[in-house]
Amino acid sequence: MQDRDNLSGALYMTVAMAAFTVNDSCMKLVTAELPLPQAILLRGLMAMAALALIGWRMGRMQLRLDALDARRLGLRSVAEVAATLTFLAALRHMPLANLSSIMQALPLAVTLGAALFLAEPVGWRRMSAIAAGFVGVVLIVRPGTDGFDIWSVLGLASVACVVLRDLATRRLSGAIPSVTVAFYAATAVTLAGAALVPTAGWAPLDLRLAGLILAAASFLIVGYLFIVMAMRVGEIGLVAPFRYTALVFAIALGWLVFGHLPDMLTLAGAAIVVATGLYTFHRERRLGRRVATPEKAPLRLR
């Protein structure tokens, strides 16, 4: 039975990563023709409607929160907005696989952030793995070289914002349904898009672009649902490493859709980041560390 659960969890995680990557690809196509705030607003309205329907059907939508959780959710929502804006701005100008490679540092960055700000114990082995992982990030970003640009910095900023978001998620009460957290996050991102529309203008929307935005919102929700399902079955130490399949999907879609392939240094850096992330998962599993419960699992709304 456990083997079947592990297989199901790995499959769910892989589907979630594929869905998130398709969402990213759709948004990259859309933002090449539409102002970024407009794309965020339209996708957000669709995502909000879908999440509200899901929450209503599940009977899990809880909009009233106590004061402490409201503050923590507010901080999480601000971080979500910043993560979305920086990620999509970088995605508009960077190859999909390159940005995805930078984002693979997230598990390492969250582990470091938990050690620094939540006083979670991290031994020298995992600290060494984190340091090696960030060497991989340097290979991808390459500061001070011709391959470095401001969009890589925005990608790193998005990583920092997601770390803040996930640390805030860990502090939320376990009684808050994940669909509620996702709905508030989607609302915050949508309102931010609406607030920025006057600064960027509004472009005509044809059927092709509307279809891409609808696809982006649909795959975003699919990814959200499947990542929650993945956290509900199997052993986290076996399921979580399948997050790294996102890089495989990003390389494939980057080549098929945009004709971009990462260079050897980027691939080498990505390999180091993935290897160190897998080692960190392995160490956490061996030490029997507490992992996020299904209701507190990190959510991605970018």
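Only a predicted model underlies this, so the values are computations on that prediction, with no experimental measurement involved.

Caption draft 1: Spatial organisation of the overall build of the protein chain. Looking only at helices and strands, the protein chain has 12 helices and zero strands in total. Beginning at the N terminus, the succession of helices and strands in the protein chain can be written as α-α-α-α-α-α-α-α-α-α-α-α. Across the 302 residues in the protein chain, those meeting the buried criterion constitute 50%. Sequence-distant contacts in the protein chain: of pairs separated by 6 or more residues, those separated by 24 or more amount to 89%.

Caption draft 2: Summary view of the confidence of the model for the protein chain. Mean pLDDT over the protein chain stands at 84; residues scoring 70 or higher make up 88%. For the stretch residues 290–297, pLDDT sits under 50, and the model shows 20 contacts to residues farther than four places along the chain or on other chains.

Caption draft 3: Region of interest: the packing of helix α5 (residues 106–117) against helix α6 (residues 124–141). With their axes 10 Å apart at the nearest point, α5 and α6 run at an angle of 135° to one another. Considering their axes alone, α5 and α6 lie oblique with respect to each other. Note on packing geometry: the crossing formed by α5 with α6 is left-handed. Here Leu108, Ala109, Thr111 and Leu112 of α5 come into contact with α6, specifically with Met127, Ala129, Ile130, Gly133 and Phe134. Across the contact of α5 with α6, the residue classes tally to seven nonpolar, two polar and no charged.

Caption draft 4: Molecular detail of the environment of Leu41. Its place among the elements puts Leu41 in helix α2 (residues 36–58). Take Leu41: its relative accessible area is 14%, and that puts it in the buried class.

Caption draft 5: Just helix α11 (residues 245–258), in detail. For α11, spanning 14 residues, the distance from its first C-alpha to its last is 19 Å, which sits close to the expected 20 Å at 1.5 Å a residue. Positive backbone phi, at 70°, marks Gly259, one or two positions downstream of α11.

Caption draft 6: How the structure looks around helix α7 (residues 150–171). Taking 1.5 Å as the rise per residue, α7 with 22 residues should run 32 Å; its terminal C-alpha atoms sit 32 Å apart, in good agreement. Looking at α7, one finds that the buried residues are Ser152, Gly155, Ser158, Val159, Cys161, Val162, Val163, Arg165, Asp166, Leu167, Ala168 and Thr169. The secondary structure elements touched by the buried residues of α7 are α3 (67–93), α4 (96–103), α5 and α6.

Caption draft 7: Just the nonpolar core, in detail. One finds Leu88, Leu99, Met103, Val159 and Val163 to be the most contacted residues of the largest nonpolar core, which totals 52 residues. With seven residues, α3 is the largest single contributor of residues to this core. Here Leu88 is in contact with Met27, Leu36, Ile40 and Arg43, once residues within four sequence places are set aside. Met13, Met17, Phe183 and Ala246 belong to the second largest nonpolar core, which has 20 residues in total.

Caption draft 8: Summary view of the environment of Thr199. With respect to the helices, strands and loops of the structure, Thr199 is situated in helix α8 (residues 178–200). With relative accessibility at 63%, the residue Thr199 sits in the exposed group. When the C-alpha atoms of Thr199 and Pro35 are compared, they prove to be 9.6 Å apart, with 164 residues separating the residues in sequence. A distance of 2.6 Å separates a polar atom in the side chain of Thr199 from the backbone oxygen of Leu196.

Caption draft 9: Molecular detail of the pattern of salt bridges. By the definition in use, this model includes four salt bridges. Between Arg165 and Glu80 there is a salt bridge; the shortest N-O distance is 3.5 Å. Taken together, the residues Arg165 in helix α7 and Glu80 in helix α3 connect sequence positions 85 residues apart. Among the residues examined, Arg165 registers a relative accessible area of 5% and is labelled buried. You can call Glu80 buried: its relative accessible area is 0%. Among the ionic pairs, Asp166 bridges to Arg165, the shortest N-O distance being 3.0 Å. Judged by its relative accessible area of 8%, Asp166 falls in the buried class. Connected via shared salt-bridge partners are Arg76, Glu80, Arg165 and Asp166.

Caption draft 10: Representation of the side chain of Asp69 within the structure. Among the secondary structure elements, Asp69 is positioned in helix α3. At 4.4 Å, Arg72 is the nearest oppositely charged side chain to Asp69, a buried residue that forms no salt bridge. Here Ser173 takes part through its backbone nitrogen, which lies 3.0 Å from a polar atom of the side chain of Asp69. Apart from residues lying up to four places away in sequence, Asp69 is in contact with Arg171, Leu172, Ser173 and Ile176.

Caption draft 11: Representation of a nonpolar patch on the surface. Together, Trp255, Leu256, Val257 and Leu261 make up an exposed nonpolar region whose accessible area comes to about 450 Å². Secondary-structure assignment places Leu256 in helix α11. Given a relative accessible area of 60%, Leu256 falls into the exposed group.

The rules behind the values
Residues numbered from 1 in each chain as written. Predicted model: local features only at pLDDT ≥ 70, side-chain atom pairs only at ≥ 80, totals over all residues. Heavy atoms only, no water. Helix = DSSP H or I, 4+ residues; strand = E, 2+ residues; numbered from the N terminus. Buried < 20%, exposed > 50% of the residue type's maximum accessible area, 1.4 Å probe, protein only. Contact = heavy atoms within 4.5 Å. pLDDT = per-residue confidence, 0-100. Axes fitted to C-alpha atoms, helices over the stretch in contact; angles between N-to-C directions. Parallel < 35°, antiparallel > 145°, perpendicular 65-115°, else oblique. Left-handed = near helix turned anticlockwise from the far one by under 90°. Nonpolar A, V, L, I, M, F, W, Y, C, P; charged D, E, K, R; others polar. Expected span 1.5 Å × (residues − 1). Core = buried A, V, L, I, M, F, W, Y, C linked by side-chain atoms within 4.5 Å. Polar contact = N/O pair within 3.5 Å; in protein donor to acceptor, adjacent residues only side chain to side chain. Salt bridge = Lys/Arg side-chain N within 4 Å of Asp/Glu carboxyl O. Lys, Arg positive; Asp, Glu negative; His and termini not counted. Patch = residues over 30% accessible without salt bridge, like charges linked within 9 Å, V, L, I, M, F, W, Y side chains within 5 Å. Areas by Shrake-Rupley, 256 points an atom, 1.4 Å probe, with all protein chains shown as cover.

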